[in-house]
Amino acid sequence: MYEKILVAVDGSATSLRGLDEAIKVAKSTRGRLLLVHVVDELVIATDYVPTVYSAPIFEALRDSGAKILAQAATVVRRADLSCEQKLVETLSGRVADEIVKQAGEWRADLIVMGTHGRGAMAHLLMGSVAERVVRLAGCPVLVVRHPEHEFLVPDTLMVRTTA
C-alpha cells in the first residue's frame, strides 16, 4: 500500500506530529521513510542583506536543516524503523514545489506533512505550503493539523487520495 512515505520536516511541533503519523503508517504497511527538509534561501532578501553577510546566514540555515533532519531520524530509529534523509535547497521561494519534486523523484506513495493552521489573513498573505502540496502532488497527502487547532478539526485529515 504505502511503501515509500516522504515526510516533510521543519522542526516544528506540527512537523513532529506529522512524523509520528508517518511512523504509524510505515509500521502498519512496512513502509520506508524519506525525511525531507527544504532550506528556502529566498527568506533572506538579498536586497536588504549585504552579500558579505548572506553566506554565513545561508550556512546557518543549512546547518539548522541538517540538525532538524538528524533529530527526526533519531525519532524514526527509536521507533525501530530506518529512513533516508534529504536536505534540499531552493531559491524559488516555493517549498511546496520542492516537496512535490522530491516525492516524484523518489516515487513516493504518500506524503505526510503538518499544517500550521494559520488564520485567514496570514493564509492570504503567505499561502499554505500544505495546501499547495495537496494541489500539486501526484500521490496521496496526509496532512496533520497544528496542536492549537485540535478543537476545530480531526487530528489528521486524509486529503486527496487519487492523482
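Let me begin by describing the structure that accompanies this report.

1. Brief notes about the overall build of the protein chain
Along its length, the protein chain carries five helices and six strands. In the protein chain, the succession of helices and strands from N to C terminus is β-α-β-α-β-α-β-α-α-β-β. Looking at the protein chain residue by residue over its 163 residues, the buried ones come to 43%. Counting contacts in the protein chain only where the partners sit at least 6 residues apart, residues at least 24 apart contribute 70% of the total. In the form shown here, the protein chain has an accessible surface area of approximately 9200 Å², with 54% of it arising from carbon and sulfur atoms.

2. Examining unusual backbone geometry
Within the chain, Asp80 stands out as a residue other than glycine whose phi angle is a positive 65°. Accessibility expressed as a relative area gives 71% for Asp80, which makes it exposed.

3. Some words on the pattern of salt bridges
All chains considered together, the criterion is met by five salt bridges. Ionic pairing is found between Lys24 and Glu21, a salt bridge with its closest N-O pair at 3.2 Å. Of this pair, Lys24 and Glu21 both sit in helix H1 (residues 13-29), three residues apart, which is roughly one turn of that helix. Of the residues examined, Lys24 reaches a relative accessible area of 53% and is grouped as exposed. A single salt-bridge network, built from bridges that share partners, covers Glu59, Arg62 and Glu89.

4. Comments concerning the pairing of strand E2 (residues 32-40)
Two faces make up the sheet, and in a regular strand the side chains alternate between them. Of all nine residues making up E2, eight are buried, and the element is well covered by its neighbours. Bridge analysis of strand E1 (residues 4-8) against E2 gives five bridges, and the strand direction is parallel. Within E2, the residue paired with Leu6 across the bridge is Leu34. Inspection of the sheet shows E2 paired to strand E3 (residues 83-90) by eight bridges, in the parallel sense. Along E3, the bridge assignment pairs Val39 with Glu89.

5. Overview of the packing of helix H3 (residues 95-106) against helix H5 (residues 129-136)
Between two packed helices, both the angle of their axes relative to each other and the distance between the axes serve to describe the pair. Viewed as axis vectors pointing N to C, H3 and H5 meet at an angle of 40°, and their least axial separation amounts to 8 Å. Taken together, H3 and H5 sit at an angle that is classed as oblique. The interaxial crossing formed by H3 with H5 has right-handed handedness. Contacts from Val95, Ala96, Asp97, Ile99 and Val100 in H3 reach Val129, Arg132, Val133 and Leu136 in H5.

6. Focus on the packing of aromatic side chains
The tally for this structure, following the rule as stated, stands at zero aromatic pairs. Above the plane of the ring of Trp106 lies Lys4, whose end atom (NZ or CZ) is 4.8 Å from the centre.

Scoring rules and cut-offs
- Residues numbered from 1 in each chain as written.
- Predicted model: local features only at pLDDT ≥ 70, side-chain atom pairs only at ≥ 80, totals over all residues.
- Heavy atoms only, no water.
- Helix = DSSP H or I, 4+ residues; strand = E, 2+ residues; numbered from the N terminus.
- Buried < 20%, exposed > 50% of the residue type's maximum accessible area, 1.4 Å probe, protein only.
- Contact = heavy atoms within 4.5 Å.
- Areas by Shrake-Rupley, 256 points an atom, 1.4 Å probe, with all protein chains shown as cover.
- Salt bridge = Lys/Arg side-chain N within 4 Å of Asp/Glu carboxyl O.
- Pairing = 2+ DSSP bridges.
- Axes fitted to C-alpha atoms, helices over the stretch in contact; angles between N-to-C directions.
- Parallel < 35°, antiparallel > 145°, perpendicular 65-115°, else oblique.
- Left-handed = near helix turned anticlockwise from the far one by under 90°.
- Phe/Tyr/Trp six-rings, centres within 6.5 Å; stacked < 30°, edge-to-face > 60°.
- Lys NZ or Arg CZ within 6 Å of the ring centre and 35° of its normal.

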